[in-house]
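Results of the structural survey
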Amino acid sequence: MFAKQIMSSTFVRSCRNTHKNASNTMLAQRSNHNLNHISTRISFQRNFSSKSTAESITKANIGFIGLGNMGLPMCLNLLHHKNDPSSKQQQQLVMDSITAFDINEEALSKAEMAGAKPVSSLKDLLIETTPQKQHDPSSSSDVEGNEDLASSNVIITMLPDCKSVEKVINELITTSSNLHGPNPPPSLTFIDCSSISPSLSIELHSLAKSHGHIMLDAPVSGGVSGATNATLTFMVGGQSSTLHQTKPLLEIMGKNIMHCGDDGMGIVAKLCNNMALASQMIGISEAMNLGDSLGIDPNTLAKVMNVSTAKCWSGEVNNPHPEVEGKSGVLRPALNEYEGGFGTGLMLKDVRLAVRAGESAGVALPVAGLSKELYGMVDGRGLGRKDFGIMMQFLSGKV
């Protein structure tokens with residue numbers, strides 16, 4: 001019944017009208033955005049003209065903010081390589097310190113046990129990440145515009161929503177400016193791995209640059225297993241020179257580091273990917289439910305689909321059926337009562353952001369609109385923390 005309600009003529013009609021309603025303002029919006037972007041880029045080039053050589057970072061102080069299902073294993077991978085002198089990445093990049101912050105004390109304790117320095121405030125994280133250096137008049141590194149690119153103060157954020165990211169980065173920038181008194185604050189390199197709106201990401205890029213800092217938006221794909229096994233895909237937006245500088249750091253946490261374009265384009269790639277993934281999981285869930293009803297063994301059906309045209313991540317890596325056998329040593333969320341995966345609430349957030357971006361761009365997204373409604377219903381049942389593969393149980397009427 002809920003599917004019929006969602007796909008009512010009103011819903012379909014609204015999708016068809018999306019492009020028409022937005023087309024009158026698209027050119028003006030894009031023109032304003034382009035002017036703002038050009039102005040920002042000119043300002044950036046003026047402030048950082050001496051940093052065009054894009055030398056890779058070889059030494060860094062790391063601050064990590066956000067130790068959730070994804071952030072904690074990412075941080076643990078950094079700590080592992082910091083403490084393993086035999087690792088290839090450790091030989092390329094020396095991490096002097098890794099400081100961690102999260103409001104979840106249990107997660108913070110796990111990071112501490114692995115070697116991170118825990119702090120209880122963003123101010124303390126800045127103090128640890130940007131140790132003040134004594135001024136040496138004879139040192140060329142103290143000359144304005146001649147900062148040593150081989151050393152960097154990097155802050156990685158992996159936070160759950162737009163509000164959290166905006167608050168944290170604004171506070172970090174403000175606190176950094178106040179922390180060093182009359183002296184100019186040390187340049188920070190922000191790497192935001194959160195999923196937020198493209199417009200907010202672009203605003204934060206501009207804010208960071210206006211205060212002498214650098215930023216990349218670098219959301220990830222690969223789920224908890226990818227974060228744990230350091231096989232994540234990073235979709236990076238921002239200056240290619242900044243990506244080159246920080247790539248050794250990202251390679252510790254991921255396998256594929258992909259530059260997607262200018263500021264905010266990493267976020268755009270992530271939202272497009274997750275919008276497709278949300279619909280993909282619904283399709284796999286429906287197929288597995290139909291297979292159950294018609295009597296085929298779920299393992300047989302999964303094997304057939306995984307070597308046929310229905311092969312996809314939701315069917316092969318994160319199959320939502322609790323009776324489909326998992327790979328050796330891998331506890332798939334469906335085998336663990338849908339715990340430990342990519343939360344339904346987070347998927348709902350990403351699909352909402354994608355649909356909202358589509359509305360702003362005048363793009364009709366009827367399938368994404370249906371996905372948003374379905375995941376909203378699952379979240380409304382109090383299942384927002386369960387892996388989004390629980391959609392299968394919802395569609396079968398079991399939850």
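What you see is a predicted model; the values in this text were computed from it and never measured.

So, on to the overall build of the protein chain. Summing up its helical and strand segments, the protein chain has 16 helices and nine strands in all. Contacts in the protein chain between residues at least 24 apart in sequence constitute 71% of all its contacts with a sequence separation of at least 6. Working note: accessible area of the protein chain is about 19,600 Å², and carbon and sulfur atoms make up 52% of it.

Further remarks concern helix 12 (residues 298-305). Every buried residue belonging to helix 12 is among Pro298, Asn299, Leu301, Ala302 and Met305, and all of these are buried. The buried residues of helix 12 all sit within an arc of 160 degrees when viewed along its axis, so they share a single face. Tucked into the core, helix 12 has its buried residues touching helix 11 (265-294). Looking at where helix 12 begins, the residue whose side-chain oxygen comes 3.0 Å from the main-chain nitrogen of Asn299 is Asp297.

It is worth spelling out the nonpolar core at this point. Judged by nonpolar contacts, the single largest core of 37 residues is most densely connected at Met74, Leu78, Ile156 and Phe234. When contributions to this core are tallied by element, the ones reaching two or more residues are strand 1 (59-65), helix 3 (71-82), strand 2 (94-101), helix 5 (105-113), strand 4 (151-157), helix 9 (223-229), strand 8 (232-237) and helix 10 (240-253). One finds Ile65, Phe101, Ile169 and Ile196 within the second-largest nonpolar core, a separate group that totals 24 residues.

Two aromatic rings are characterised by how far apart their centres lie and by the angle between their planes. Within this structure, the stated rule accounts for two aromatic pairs. With a centroid separation of 6.5 Å and 45 degrees between ring planes, the pair formed by Tyr375 and Phe388 is classed as tilted. Taken together, the residues Tyr375 in helix 15 (residues 366-383) and Phe388 in the loop between helix 15 and helix 16 (391-395) connect sequence positions 13 residues apart. An aromatic cluster of at least three residues, connected via ring pairs, comprises Phe342, Tyr375 and Phe388.

A separate point is the packing of helix 11 against helix 12. Two quantities define a packed helix pair, namely the angle between the axes and the distance from one axis to the other. Interaxial distance between helix 11 and helix 12 falls to 10 Å at its minimum, and their mutual angle equals 135 degrees. With respect to helix 12, the axis of helix 11 lies oblique. For the element pair helix 11 and helix 12, the recorded crossing hand is right-handed. Of helix 12, the residues touching helix 11 (which contributes Ile284, Ala287, Met288, Gly291 and Asp292) are Pro298, Leu301 and Met305. Considering only residue class, the contact of helix 11 with helix 12 consists of six nonpolar, one polar and one charged.

Residues spaced three or four apart along an α-helix face the same direction, because each turn holds 3.6 residues. Counted at 1.5 Å a residue, the expected span for helix 3 with its 12 residues is 16 Å, and the 17 Å between its end C-alpha atoms agrees. Most of helix 3 is tucked away: nine of the 12 residues are buried. The complete set of buried residues in helix 3 reads Gly71, Leu72, Pro73, Met74, Cys75, Asn77, Leu78, Leu79 and His81.

Summarising the element assignment, Ala310 is placed in the loop between helix 12 and helix 13 (313-316). Between the C-alpha atom of Ala310 and that of Ile284, which follows or precedes it by 26 residues, the distance is 8.3 Å. When neighbours within four sequence positions are excluded, Ala310 is seen to be in contact with Ile284 and Met305.

In this section: the environment of Met288. With respect to the secondary-structure elements, Met288 resides in helix 11. Taking the C-alpha atoms as reference points, Met288 and Gly315, 27 residues apart in sequence, are found 9.3 Å from one another.

Conventions adopted
- Residues numbered from 1 in each chain as written.
- Predicted model: local features only at pLDDT ≥ 70, side-chain atom pairs only at ≥ 80, totals over all residues.
- Heavy atoms only, no water.
- Helix = DSSP H or I, 4+ residues; strand = E, 2+ residues; numbered from the N terminus.
- Contact = heavy atoms within 4.5 Å.
- Areas by Shrake-Rupley, 256 points an atom, 1.4 Å probe, with all protein chains shown as cover.
- Buried < 20%, exposed > 50% of the residue type's maximum accessible area, 1.4 Å probe, protein only.
- Arc of directions from axis to C-beta.
- Polar contact = N/O pair within 3.5 Å; in protein donor to acceptor, adjacent residues only side chain to side chain.
- Core = buried A, V, L, I, M, F, W, Y, C linked by side-chain atoms within 4.5 Å.
- Phe/Tyr/Trp six-rings, centres within 6.5 Å; stacked < 30°, edge-to-face > 60°.
- Axes fitted to C-alpha atoms, helices over the stretch in contact; angles between N-to-C directions.
- Parallel < 35°, antiparallel > 145°, perpendicular 65-115°, else oblique.
- Left-handed = near helix turned anticlockwise from the far one by under 90°.
- Nonpolar A, V, L, I, M, F, W, Y, C, P; charged D, E, K, R; others polar.
- Expected span 1.5 Å × (residues − 1).

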